[in-house]
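# Geometric and topological summary
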Amino acid sequence: MRRLPLFGALLASLAGAQTSSPALPSWEGQIIYQVMPDRFADGNASNNAGVDRSDPRAWHGGDLAGLTAKVPYIRGLGATAVWLTPIYRQQAVNSFDTAPYHGYWPADFRDVDPHFGTLADFGALVTAARGAGLRVVLDQVINHYGYAAEAVKQHPTWFNGQAECDKTTNKDVDCPLAGLPDLKQSSPEVRDLLLGNADFWRARGVNAFRYDAIRHVERPFLKDLLARDRAAGTWTLGEWYGADTGTVAEWQREGFDSLFLFSLQEAMQKSLMGGQGLTQVANVLSRQGELVRPGEVALFLDNHDLPRFAQGSLFEDEGQARTRYGLRALMTLKGVPVIWQGTEIAMRGGNDPDNRRDMRFENEWTPGEKAVYGAARDAIAVRKASRALSVGAQTLLSVPGALQDDLLLLTREVDGERVLAAWHGGRERKTYSVRLSTLGLTAADGAVTRGLYAGQDAKMSVGGGWLHLSLPGKDAAVFGLK
Ligand SMILES: [Ca+2]
Ligand SMILES: [Ca+2]
């Protein structure tokens with residue numbers, strides 16, 4: 001008698017296991033704001049040893065106290081999560097005339113660099129972020145220590161040396177990246193260290209890890225790490241530099257929730273900023289079906305390793321206008337948008353370290369920067385107010401060939417709510433009329449409606465089997481669609 005309910009429960013759990021995957025901590029609908037703490041906000045001048053703001057390769061004084069004080073700013077923009085580049089205690093000396101201000105030269109994975117503050121300061125940040133409804137994404141380095149970390153001399157067996165590099169067939173993984181002391185994840189000690197690091201930060205309230213340089217990390221270890229993160233409900237975002245849709249799909253199958261879609265960034269940079277055709281963007285978006293979890297792929301215009309998006313124009317005003325276009329376009333896409341500090345005001349800057357200029361805040365902005373910020377905040381708010389834009393299915397429409405370089409159309413839809421996004425790459429304002437049947441779109445007739453984004457003159461109407469759009473030059477719009 002007592003066995004029967006148990007047997008029934010066992011059957012039910014087996015059936016459940018066969019029909020559904022384990023519950024996943026979906027981040028679809030989130031918007032991540034990326035911060036490099038040294039270059040964001042200085043909240044404590046007493047930890048500014050060696051700070052020289054005139055030297056782009058030196059420490060600049062930003063810290064966790066400054067970031068905590070700016071939590072309302074991040075929330076005010078509309079982000080729902082904040083990603084910090086690494087805050088570990090760094091090697092004590094410079095390498096290549098560069099200070100480890102960026103955080104990618106760790107010496108102790110379980111402490112905070114004194115330039116950033118203390119573990120208690122990190123706790124205060126997490127508390128403030130949580131109080132503001134922001135999730136915390138921490139950058140985790142799992143491939144290497146800093147050049148001058150004590151561990152390199154203390155534990156030589158933890159690292160791949162020249163011998164391992166010479167004999168391996170997997171140079172990407174077993175050879176040092178940029179000469180950095182390369183961790184041997186197959187060593188039980190290294191494995192325990194790195195798994196323990198994840199547990200250490202998880203216990204301090206971190207909601208997600210951004211894993212650095214995964215292309216260079218041993219795959220069996222990564223899979224174990226990701227399985228533990230998933231079991232613990234920690235979201236995982238991998239950085240495979242240059243990843244296209246196929247690479248993102250492969251690693252989502254291996255256990256990552258998300259990777260950065262670098263191929264989309266490149267296409268948007270060349271098209272929206274650089275003035276090339278939108279066809280290359282459509283080509284990337286057309287591969288969405290390959291992704292295991294398309295709603296969680298990380299979408300971005302630029303980051304701390306790339307020239308600034310706005311740098312793609314020689315002219316500041318044009319860079320601002322096209323960054324506004326880029327941000328409005330980004331907010332129409334399925335995925336998790338990631339905004340690098342300063343992109344919301346179209347900050348400029350070339351290659352590293354010029355792309356890491358100090359963040360500037362409201363009272364330092366020019367009128368042009370204020371305008372970009374206003375558009376960014378509005379586009380984020382429009383996205384968050386729309387379930388279709390936040391989590392809806394995305395369908396790329398088949399625009400007639402002659403228009404494809406200037407016009408990209410897609411719909412987002414969930415639970416009967418539907419929107420149409422229109423990206424317009426043409427320089428001048430233009431009206432388009434396209435047959436619904438050509439687009440593969442069905443829509444009820446409707447009078448002229450205005451786009452959902454504020455501060456732009458974009459209009460749409462549907463009638464007699466035609467879609468009519470009136471769009472400003474170099475801009476993206478989104479419309480409610482019946
Ligand atoms: Ca400071
Ligand atoms: Ca490696």
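What counts and what doesn't
Residues numbered from 1 in each chain as written. Chains lettered and ligands numbered in written order. Predicted model: local features only at pLDDT ≥ 70, side-chain atom pairs only at ≥ 80, totals over all residues. Helix = DSSP H or I, 4+ residues; strand = E, 2+ residues; numbered from the N terminus. Rg over C-alpha atoms; globule rule 2.2 N^0.38 Å. Contact = placed C-beta atoms within 7 Å. Buried ≥ 20, exposed ≤ 12 C-beta atoms within 10 Å, placed from the backbone. Pairing = 2+ DSSP bridges. Right-handed = clockwise from strand over helix to strand, strands pointing away. Axes fitted to C-alpha atoms, helices over the stretch in contact; angles between N-to-C directions. Core = buried A, V, L, I, M, F, W, Y, C linked by C-beta atoms within 7 Å. Domains from an automatic or database assignment. Nonpolar A, V, L, I, M, F, W, Y, C, P; charged D, E, K, R; others polar.

## What to know about the overall build of the protein chain
Assigned secondary structure in the protein chain consists of 16 helices and 20 strands. Taking 23 Å as the expected radius of gyration for a compact globule of 482 residues, we find that the protein chain reaches 24 Å, a close match to that expectation. Overall, the protein chain is about 75 × 75 × 45 Å in size when its C-alpha atoms are taken along their principal axes. Once local pairs closer than 6 in sequence are excluded, the contacts in the protein chain between residues at least 24 apart make up 71%.

## Remarks on the pairing of strand β12 (residues 336-340)
β12 sits mainly inside the fold: 5 of its 5 residues count as buried. Side chains of β12 alternate between two faces, with Val336, Val338 and Trp340 and Pro337 and Ile339 buried alike. The pairing of strand β1 (residues 32-35) with β12 spans 3 bridges and is parallel. Residue pairing in the sheet places Gln34 in a bridge with Trp340 of β12. What joins strand β11 (residues 298-300) to β12 is helix α13 (residues 316-330), and the crossover it makes is right-handed.

## A closer look at the sheet that holds strand β18 (residues 459-463)
Reading across from one edge, β16-β19-β18-β17 is the order of the 4 strands in this open sheet, with antiparallel pairing throughout. Because the sheet does not close on itself, it has two edges, and the strands there are β16 (430-435) and β17 (446-450). The sheet shows a mean angle of 15° between the axes of neighbouring strands, taken without regard to direction.

## Describing the nonpolar core
Val82, Leu259, Leu261, Ala298, Leu299, Ala422 and Val478 are the most contacted members of the largest nonpolar core, which has 125 residues in total. Not counting residues up to four positions away in its chain, the partners in contact with Ala298 are Leu237, Ser258, Leu259, Phe260, Leu261, Gly335, Val336 and Val338.

## Quick notes on the domain arrangement of the protein chain
Many descriptions give the size of an interface as the accessible area lost when the pieces come together. We note that the domain assignment places domain 1 (23-387) and domain 2 (393-480) within the protein chain. In this complex, domain 1 contributes 24 residues to the contact, which on the side of domain 2 involves 23 residues. Elements represented by at least two residues in the side of domain 1 that touches domain 2 include exactly α12 (279-285), α13 and α14 (367-385). Here the side of domain 1 that touches domain 2 is built from residues that sort into 11 nonpolar, 8 polar and 5 charged.

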